[in-house]
Amino acid sequence: MTNPTEAKRILIVEDDLDISRLLKLELEETGFIVSHRDTGMRGLSAVREEKPDLVILDLGLPDMDGAEIARRVRSNTETPIIILTAKDDVATKVDLLNSGADDYLAKPFNTEELVARINVQLRRRTLGSVQKIGLLTIDPSRRQVFWEEDEVRLSPREFELLSYLATQIGRVYSREEIEENVWGEELPPSSNVVDVHIANIRGKLRDAGGFGMIRTVRGIGYAIKG
Ligand code: CA
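First, a word on what this report is: a plain description of the structure on this page. (Residues numbered from 1 in each chain as written. Predicted model: local features only at pLDDT ≥ 70, side-chain atom pairs only at ≥ 80, totals over all residues. Heavy atoms only, no water.)

### Let's talk about the sheet that holds strand β8 (residues 144-147)
Across a sheet, strands are paired by hydrogen bonds formed along the backbone, either parallel or antiparallel in direction. Strand order across the open sheet formed by four strands is β6-β7-β8-β9, with antiparallel pairing between neighbours. Single-partner strands in this sheet number two, and they are β6 (131-133) and β9 (150-152). In this sheet, neighbouring strand axes are inclined to one another by 25° on average, regardless of whether the strands run parallel or antiparallel. Of the pairings in the sheet, the one linking strand β7 (residues 136-139) to β8 comprises four bridges and is antiparallel in character. In the strand pairing of β8, T137 is matched with F146. (Pairing = 2+ DSSP bridges. Helix = DSSP H or I, 4+ residues; strand = E, 2+ residues; numbered from the N terminus. Axes fitted to C-alpha atoms, helices over the stretch in contact; angles between N-to-C directions.)

### Considerations on the environment of I214
Counting through the fold element by element, I214 comes out in strand β11 (residues 214-217). Overall, the relative accessible area of 6% leaves I214 in the buried class. When the C-alpha positions of I214 and L105 are compared, they lie 29 Å apart, and in sequence the two are 109 residues distant. For I214, the residues in contact, after removing those within four places along its chain, are L162, L165, I198, I201, R202, Y222 and A223. (Buried < 20%, exposed > 50% of the residue type's maximum accessible area, 1.4 Å probe, protein only. Contact = heavy atoms within 4.5 Å.)

### Considerations on the coordination of the calcium ion
Around the calcium ion, the protein supplies D15 (OD), D58 (OD) and G60 (O) as donor atoms, at distances of 2.2 to 2.3 Å. Mapped onto the polypeptide sequence, the residues donating to the calcium ion form the spacing pattern D-x42-D-x1-G. Of this pair, D15 sits in the loop between β1 (9-13) and α1 (17-30) while D58 sits in strand β3 (residues 54-58), placing them 43 residues apart in sequence. The class for D15 is partly exposed, based on a relative accessible area of 32%. For D58, a relative accessible area of 4% gives the class buried. (Donors = N, O, S within 2.8 Å, 3.2 Å for Na, K, Ca; no water.)

Here it is in C-alpha coordinates:
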(Lines give C-alpha, C1' and ligand atoms only; values in the text may rest on other atoms or scores of the structure.)
Protein backbone atom coordinates (compact mmCIF):
# COMPACT_ATOMS: atom_id res chain seq x y z
CA MET A 1 0.00 0.00 0.00
CA THR A 2 1.12 3.56 -0.63
CA ASN A 3 1.94 5.52 2.46
CA PRO A 4 -1.15 7.63 3.14
CA THR A 5 0.85 10.33 4.93
CA GLU A 6 2.99 10.98 1.89
CA ALA A 7 1.01 12.88 -0.76
CA LYS A 8 1.58 11.59 -4.27
CA ARG A 9 2.03 13.99 -7.17
CA ILE A 10 -0.10 13.51 -10.23
CA LEU A 11 0.29 15.26 -13.57
CA ILE A 12 -2.78 15.63 -15.79
CA VAL A 13 -2.10 16.22 -19.49
CA GLU A 14 -5.45 17.11 -21.01
CA ASP A 15 -6.56 19.86 -23.41
CA ASP A 16 -10.21 19.82 -22.36
CA LEU A 17 -10.18 22.40 -19.57
CA ASP A 18 -13.59 21.43 -18.21
CA ILE A 19 -12.43 17.88 -17.65
CA SER A 20 -9.03 18.80 -16.30
CA ARG A 21 -10.32 21.43 -13.83
CA LEU A 22 -12.89 19.07 -12.40
CA LEU A 23 -10.45 16.17 -12.28
CA LYS A 24 -7.76 18.30 -10.59
CA LEU A 25 -10.25 19.38 -7.94
CA GLU A 26 -11.51 15.88 -7.28
CA LEU A 27 -8.04 14.36 -7.09
CA GLU A 28 -6.91 17.13 -4.74
CA GLU A 29 -9.86 16.37 -2.50
CA THR A 30 -8.68 12.76 -2.43
CA GLY A 31 -5.31 14.00 -1.14
CA PHE A 32 -3.14 14.08 -4.25
CA ILE A 33 -0.98 17.00 -5.30
CA VAL A 34 -2.07 17.73 -8.84
CA SER A 35 -0.63 19.77 -11.68
CA HIS A 36 -2.00 20.22 -15.16
CA ARG A 37 -0.68 20.84 -18.70
CA ASP A 38 -2.78 21.28 -21.81
CA THR A 39 -0.44 20.08 -24.57
CA GLY A 40 1.81 17.07 -25.12
CA MET A 41 4.99 19.15 -25.28
CA ARG A 42 4.19 20.96 -22.02
CA GLY A 43 3.28 17.62 -20.49
CA LEU A 44 6.61 16.09 -21.44
CA SER A 45 8.51 19.07 -19.95
CA ALA A 46 6.47 18.75 -16.76
CA VAL A 47 7.31 15.04 -16.51
CA ARG A 48 11.02 15.94 -16.67
CA GLU A 49 10.84 18.92 -14.32
CA GLU A 50 8.27 17.85 -11.76
CA LYS A 51 8.93 14.10 -11.75
CA PRO A 52 5.32 13.22 -10.91
CA ASP A 53 4.46 9.89 -9.29
CA LEU A 54 1.86 9.22 -11.98
CA VAL A 55 0.71 10.75 -15.27
CA ILE A 56 -2.89 10.90 -16.47
CA LEU A 57 -2.73 11.40 -20.19
CA ASP A 58 -5.49 12.34 -22.62
CA LEU A 59 -5.12 10.39 -25.85
CA GLY A 60 -6.43 13.19 -28.06
CA LEU A 61 -4.15 16.20 -27.57
CA PRO A 62 -3.80 19.04 -30.10
CA ASP A 63 -0.06 18.70 -30.74
CA MET A 64 0.88 15.07 -30.21
CA ASP A 65 -0.62 11.62 -30.15
CA GLY A 66 -1.07 10.37 -26.58
CA ALA A 67 0.50 7.00 -27.43
CA GLU A 68 3.62 8.80 -28.69
CA ILE A 69 3.80 10.80 -25.46
CA ALA A 70 3.47 7.58 -23.46
CA ARG A 71 6.38 6.09 -25.42
CA ARG A 72 8.54 9.13 -24.76
CA VAL A 73 7.71 9.20 -21.05
CA ARG A 74 8.43 5.47 -20.83
CA SER A 75 11.74 5.79 -22.70
CA ASN A 76 13.35 7.53 -19.74
CA THR A 77 11.17 6.97 -16.66
CA GLU A 78 9.12 4.26 -14.99
CA THR A 79 6.37 6.74 -14.09
CA PRO A 80 3.02 4.98 -14.36
CA ILE A 81 0.74 6.31 -17.09
CA ILE A 82 -3.04 6.07 -17.22
CA ILE A 83 -4.52 7.08 -20.56
CA LEU A 84 -7.93 8.68 -20.94
CA THR A 85 -9.60 7.84 -24.21
CA ALA A 86 -12.81 8.57 -26.01
CA LYS A 87 -14.94 5.42 -26.11
CA ASP A 88 -14.07 4.72 -29.73
CA ASP A 89 -10.35 4.57 -29.01
CA VAL A 90 -10.74 1.58 -26.71
CA ALA A 91 -10.32 -0.61 -29.80
CA THR A 92 -6.72 0.56 -29.83
CA LYS A 93 -6.14 -0.48 -26.21
CA VAL A 94 -3.53 -3.05 -27.14
CA ASP A 95 -1.53 -0.33 -28.90
CA LEU A 96 -1.89 1.86 -25.85
CA LEU A 97 -0.58 -0.79 -23.50
CA ASN A 98 2.23 -1.60 -25.92
CA SER A 99 3.18 2.08 -26.05
CA GLY A 100 4.04 1.89 -22.36
CA ALA A 101 0.75 3.02 -20.85
CA ASP A 102 -0.10 1.04 -17.73
CA ASP A 103 -3.84 1.39 -17.90
CA TYR A 104 -6.56 3.24 -19.75
CA LEU A 105 -10.00 4.53 -18.97
CA ALA A 106 -12.75 5.46 -21.44
CA LYS A 107 -14.55 8.80 -21.10
CA PRO A 108 -16.88 9.51 -19.49
CA PHE A 109 -15.41 7.82 -16.43
CA ASN A 110 -16.23 7.86 -12.78
CA THR A 111 -13.62 9.54 -10.57
CA GLU A 112 -13.82 6.82 -7.92
CA GLU A 113 -12.84 4.30 -10.53
CA LEU A 114 -9.96 6.48 -11.71
CA VAL A 115 -8.74 6.86 -8.12
CA ALA A 116 -8.86 3.08 -7.66
CA ARG A 117 -6.81 2.63 -10.85
CA ILE A 118 -4.34 5.31 -9.68
CA ASN A 119 -3.89 3.49 -6.38
CA VAL A 120 -3.27 0.18 -8.17
CA GLN A 121 -0.48 1.81 -10.18
CA LEU A 122 1.07 3.63 -7.23
CA ARG A 123 1.03 0.49 -5.09
CA ARG A 124 2.69 -1.46 -7.84
CA ARG A 125 5.63 0.96 -7.89
CA THR A 126 6.23 0.54 -4.20
CA LEU A 127 6.47 -3.24 -4.25
CA GLY A 128 10.22 -3.07 -3.94
CA SER A 129 13.12 -5.31 -4.73
CA VAL A 130 13.74 -8.32 -6.95
CA GLN A 131 11.95 -11.42 -5.73
CA LYS A 132 13.06 -15.00 -6.35
CA ILE A 133 10.62 -17.88 -5.97
CA GLY A 134 12.35 -21.11 -6.89
CA LEU A 135 13.50 -20.63 -10.46
CA LEU A 136 11.16 -17.70 -10.99
CA THR A 137 12.47 -14.15 -10.70
CA ILE A 138 10.24 -11.07 -10.56
CA ASP A 139 11.91 -7.70 -10.98
CA PRO A 140 9.36 -5.00 -10.10
CA SER A 141 11.51 -1.99 -10.98
CA ARG A 142 12.33 -3.27 -14.47
CA ARG A 143 8.99 -5.03 -14.69
CA GLN A 144 10.59 -8.21 -15.94
CA VAL A 145 9.98 -11.87 -15.14
CA PHE A 146 12.51 -14.66 -15.67
CA TRP A 147 12.34 -18.41 -15.51
CA GLU A 148 15.93 -19.40 -14.84
CA GLU A 149 17.76 -17.22 -17.39
CA ASP A 150 14.88 -16.80 -19.85
CA GLU A 151 12.72 -13.73 -19.82
CA VAL A 152 8.99 -14.47 -19.69
CA ARG A 153 7.26 -11.65 -21.54
CA LEU A 154 4.06 -10.76 -19.70
CA SER A 155 1.55 -8.04 -20.55
CA PRO A 156 1.36 -5.22 -17.97
CA ARG A 157 -1.75 -6.75 -16.41
CA GLU A 158 -0.28 -10.25 -16.32
CA PHE A 159 2.81 -8.82 -14.65
CA GLU A 160 0.68 -7.02 -12.10
CA LEU A 161 -1.32 -10.19 -11.41
CA LEU A 162 1.75 -12.39 -10.93
CA SER A 163 3.38 -9.75 -8.70
CA TYR A 164 0.22 -9.50 -6.64
CA LEU A 165 0.08 -13.29 -6.08
CA ALA A 166 3.76 -13.16 -5.13
CA THR A 167 3.09 -10.59 -2.39
CA GLN A 168 2.78 -13.50 0.02
CA ILE A 169 3.95 -16.90 -1.20
CA GLY A 170 1.45 -19.67 -0.53
CA ARG A 171 -1.38 -17.38 0.46
CA VAL A 172 -4.59 -17.99 -1.47
CA TYR A 173 -5.91 -14.80 -3.06
CA SER A 174 -9.61 -14.77 -3.90
CA ARG A 175 -10.86 -13.61 -7.28
CA GLU A 176 -12.43 -10.58 -5.57
CA GLU A 177 -9.12 -9.60 -3.97
CA ILE A 178 -7.34 -10.04 -7.28
CA GLU A 179 -9.92 -7.96 -9.14
CA GLU A 180 -9.81 -5.18 -6.61
CA ASN A 181 -6.03 -5.02 -6.38
CA VAL A 182 -5.04 -5.76 -9.96
CA TRP A 183 -7.96 -4.32 -11.93
CA GLY A 184 -8.96 -1.68 -9.40
CA GLU A 185 -12.58 -2.73 -9.52
CA GLU A 186 -14.76 -5.77 -8.97
CA LEU A 187 -15.63 -7.35 -12.28
CA PRO A 188 -19.07 -8.83 -13.02
CA PRO A 189 -19.55 -12.30 -11.39
CA SER A 190 -19.77 -13.84 -14.86
CA SER A 191 -16.37 -12.44 -15.86
CA ASN A 192 -13.61 -14.98 -16.36
CA VAL A 193 -10.97 -12.36 -17.03
CA VAL A 194 -8.89 -13.37 -13.98
CA ASP A 195 -8.91 -17.03 -15.04
CA VAL A 196 -7.99 -16.09 -18.61
CA HIS A 197 -5.02 -14.03 -17.39
CA ILE A 198 -3.90 -16.87 -15.10
CA ALA A 199 -4.10 -19.29 -18.03
CA ASN A 200 -2.00 -16.91 -20.14
CA ILE A 201 0.64 -16.56 -17.43
CA ARG A 202 0.78 -20.33 -16.97
CA GLY A 203 1.14 -20.80 -20.72
CA LYS A 204 4.01 -18.31 -20.92
CA LEU A 205 5.77 -19.85 -17.90
CA ARG A 206 5.32 -23.30 -19.41
CA ASP A 207 6.86 -22.12 -22.68
CA ALA A 208 9.90 -21.07 -20.66
CA GLY A 209 10.00 -24.44 -18.87
CA GLY A 210 8.16 -23.45 -15.69
CA PHE A 211 5.39 -25.72 -14.45
CA GLY A 212 3.07 -25.68 -11.47
CA MET A 213 3.97 -22.26 -10.05
CA ILE A 214 0.36 -21.14 -9.73
CA ARG A 215 -2.04 -23.28 -7.76
CA THR A 216 -5.81 -23.15 -8.37
CA VAL A 217 -7.93 -23.37 -5.25
CA ARG A 218 -11.30 -24.36 -6.59
CA GLY A 219 -14.12 -21.98 -5.86
CA ILE A 220 -11.76 -19.53 -4.15
CA GLY A 221 -8.85 -18.30 -6.16
CA TYR A 222 -5.14 -18.71 -6.75
CA ALA A 223 -1.85 -18.99 -4.91
CA ILE A 224 1.81 -19.10 -5.82
CA LYS A 225 3.58 -22.23 -4.65
CA GLY A 226 6.68 -21.66 -2.58
CA1 CA B 1 -8.61 15.93 -25.86
